[in-house]
Amino acid sequence: MTAAREPIGVIGTGYVGLVTAVGFAELGSEVYCVDIDHAKIELLSRGEVPIYEPGLAELIARNGERLHFSTSLDEAVAGARLLFVSVGTPPTYAGDADLSAVLAVVEAMPASAEHALVMKSTVPCGTGRSIVRMLVEAGKGDLAYVSCPEFLKEGSALADFTHPDRVVVGDDGDGWAADAVSELYAPLGAPLVRTDVASAEMIKLASNAFLATKISFINEIANVCEETGANVLEVARGVGLDQRIGPKFLSAGIGYGGSCFSKDVSALKLLAANSGYHFQLLSAVTEVNELQKRRVLSKLTKRFDALAGRRIGLLGLAFKPNTDDMRGASSLVLAARLSAEGAQVRAFDPIATDEARKIMPELDCADSVEGAIAGADAIVLVTEWPQFLALDWAAVAVAMSGNVVIDGRNALDGRAVAAAGLDYEGIGIG
Ligand code: UDX
């Protein structure tokens, strides 16, 4: 067996688990996927994919022979020594990470000196150390433990797997498992950060918290730009050219969504609080983001005396393009607030409508973008799907009742929108 073809187990077949499984299968590993959700495993065994992620279905089909799906851990334990854990760690009511799914895996693992748990799930710093303690107490202390956090982005997850900025591998043991995990990633040629478990855990939380901070920062700059007549697009361009800052994650808009940023910011803040430290900056990052999600409301109320009875078309529902994920989506806050003000909201998303209906069954969803635009007093770009950017604005102007276009992602060609006689406003564009 060559190191690059080491078989692996993947426990939990959500976004992270499936992408990890498919990525390693593509590199030549046999991959044993385990999930407690029978329906999901049945679907995957038939070659169907339960989530929308560009390229995933094709890669699952191409690697069908190397991918094995089961609801039992036994097959993975028999087939592989490295067991990647990629189960959910959603926030608890208290805001810190719910580790029950991770702990269930730890409990289910047999005692073995030949196996390792490789933690992909995002867990608070210190979790690895407690898991190792639990394993020792349960007489399973020979099981190795590695922290290998995942940095993939939804919508570009497969490309992120293949071209990671870095691979982080943390261990506090004798290193055999960390060596094997590092070998698995070696063909990708990414910088490798070999470190201890606690630091690996903290790298993940700190990375997401910093990215969220960058977004909230540029959103606050955008809000100040609106008061001072500056243009945040120009400001971000000028600021981002400073190599110490960099141009990425400086797009102002109506706030970040998704499952990771708010969860990890909150988990890091509470982790700090639980150890007696008040992480002030992160409170502001979260608050700025929540207010930013409501920013469109004030833009609309400036134009209409009252929102009651006004028809508002929402273009996009997903938290970002190329995903059907609605977790933390700004559209949810916006739709709820607009409805509370008495507006008639009609939304369209090319992919996420079904997911959105699960969360907001009362949301009026159109079957086409034209359906969301027709008769609208105002339309709001919520998710920058490419098809919205290519709209024929003259036709949009004819189809709408009113003329207000709010660009919540600064993604439209404002001049083209205005040239069609529409009243265009972005975020922070002065
Ligand atoms: C994020 C991290 O990027 C990834 O490394 C981690 O593994 C999981 O969390 P993801 O949630 O998939 O990934 O999406 P990402 O592309 O990072 O965008 C998150 C949100 O931030 C989106 O709502 C996006 O619209 C918003 N965003 C992003 C901005 O508002 N401005 C920006 O400049 C960048």
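Residues numbered from 1 in each chain as written. Predicted model: local features only at pLDDT ≥ 70, side-chain atom pairs only at ≥ 80, totals over all residues. Heavy atoms only, no water.

1. Details of the environment of Glu-65
Here comes step 1: The residue Glu-65 is located in the loop between α3 (56-62) and β3 (67-70) in this model.
Here comes step 2: As for Glu-65 and Glu-30, which are separated by 35 residues in sequence, their C-alpha atoms are 8.3 Å apart. (Helix = DSSP H or I, 4+ residues; strand = E, 2+ residues; numbered from the N terminus.)

2. Re the packing of helix α9 (residues 197-228) against helix α11 (residues 261-274)
Here comes step 1: Contact geometry of α9 with α11 gives a least axis separation of 9 Å together with a crossing angle of 115 degrees. For α9 against α11, the interelement crossing comes out left-handed. Contact residues: Met-202, Lys-204, Leu-205, Ala-206, Asn-208, Ala-209, Leu-211, Ala-212 and Ile-215 in α9; Phe-261, Asp-264, Val-265, Leu-268 and Leu-271 in α11.
Here comes step 2: In the contact of α9 with α11, the residues fall into 11 nonpolar, 1 polar and 2 charged. (Axes fitted to C-alpha atoms, helices over the stretch in contact; angles between N-to-C directions. Left-handed = near helix turned anticlockwise from the far one by under 90°. Contact = heavy atoms within 4.5 Å. Nonpolar A, V, L, I, M, F, W, Y, C, P; charged D, E, K, R; others polar.)

3. Examining the sheet that holds strand β13 (residues 404-407)
Here comes step 1: One open sheet holds the 6 strands; their spatial order is β11-β10-β9-β12-β13-β14, and the pairing between them is parallel. Edge positions in the sheet fall to β11 (364-365) and β14 (423-425), since each has one partner strand and no second.
Here comes step 2: As paired strands, strand β9 (residues 311-315) and strand β12 (residues 378-381) are joined by 4 bridges and run parallel to one another. Within the sheet, the bridge partner assigned to Ile-312 lies in β12 and is Ala-378.
Here comes step 3: Docked against the sheet, helix α13 (residues 295-303) engages β9, β12, β13 and β14, running at close to 160 degrees with respect to β13. (Pairing = 2+ DSSP bridges.)

4. Considering the sheet that holds strand β8 (residues 192-195)
Here comes step 1: The strand order β3-β2-β1-β4-β5-β6-β7-β8 describes an open sheet built from 8 strands, whose pairing is mixed. Looking along the sheet, the strands with just one partner apiece sit at the ends: β3 and β8. The sheet shows a mean angle of 25 degrees between the axes of neighbouring strands, direction not considered.
Here comes step 2: Direction of pairing for strand β5 (residues 116-119) relative to strand β6 (residues 144-147): parallel, over a ladder of 4 bridges. Of the residues in β6, the one forming a bridge with Leu-117 is Tyr-145.
Here comes step 3: Helix α2 (residues 38-45) contacts β2 (31-34) and β3 of the sheet and is inclined by roughly 150 degrees relative to β3.
Here comes step 4: Lying over the sheet, helix α8 (residues 176-185) contacts β1 (8-11), β4 (82-85), β5, β6, β7 (167-171) and β8, oriented at roughly 75 degrees with respect to β4.

5. Structural notes on helix α6 (residues 127-137)
Here comes step 1: Among the residues of α6, Thr-127, Gly-128, Ile-131 and Leu-135 are the ones counted as buried. Projection of α6 onto a plane perpendicular to its axis shows the buried side chains occupying an angular sector of 95 degrees, all on one side. For α6, exposure combined with an orientation more than 90 degrees from the buried face picks out Arg-129, Val-136 and Glu-137.
Here comes step 2: Residue Gly-139 follows α6 closely and has a positive phi angle near 75 degrees. (Buried < 20%, exposed > 50% of the residue type's maximum accessible area, 1.4 Å probe, protein only. Arc of directions from axis to C-beta.)

6. Details of the site of the ligand
Here comes step 1: As a structural note, the neighbourhood of the ligand is formed by 18 residues, with Phe-151, Leu-152, Glu-154, Ser-251 and Lys-320 the closest of them.
Here comes step 2: In the model, an oxygen atom of the ligand is placed 2.9 Å from a nitrogen or oxygen of the Ser-251 main chain.
Here comes step 3: Separating an oxygen atom of the ligand from a side-chain N or O atom of Lys-320 is a distance of 2.8 Å.
Here comes step 4: Look at the ligand: alone it shows 670 Å² of surface, and the protein chains cover 90% of it.
Here comes step 5: Split into classes, the residues belonging to the shell around the ligand amount to 9 nonpolar, 3 polar and 6 charged. (Near = heavy atom within 4 Å. Polar contact = N/O pair within 3.5 Å; in protein donor to acceptor, adjacent residues only side chain to side chain. Areas by Shrake-Rupley, 256 points an atom, 1.4 Å probe, with all protein chains shown as cover.)

7. What about the environment of Val-132?
Here comes step 1: By secondary structure assignment, the location of Val-132 is in helix α6.
Here comes step 2: Residue Val-132 is classed as partly exposed on the basis of its relative accessible area of 38%.
Here comes step 3: Each C-alpha atom of the pair Val-132 and Tyr-145 lies 7.0 Å from the other, and the pair is 13 residues apart in sequence.

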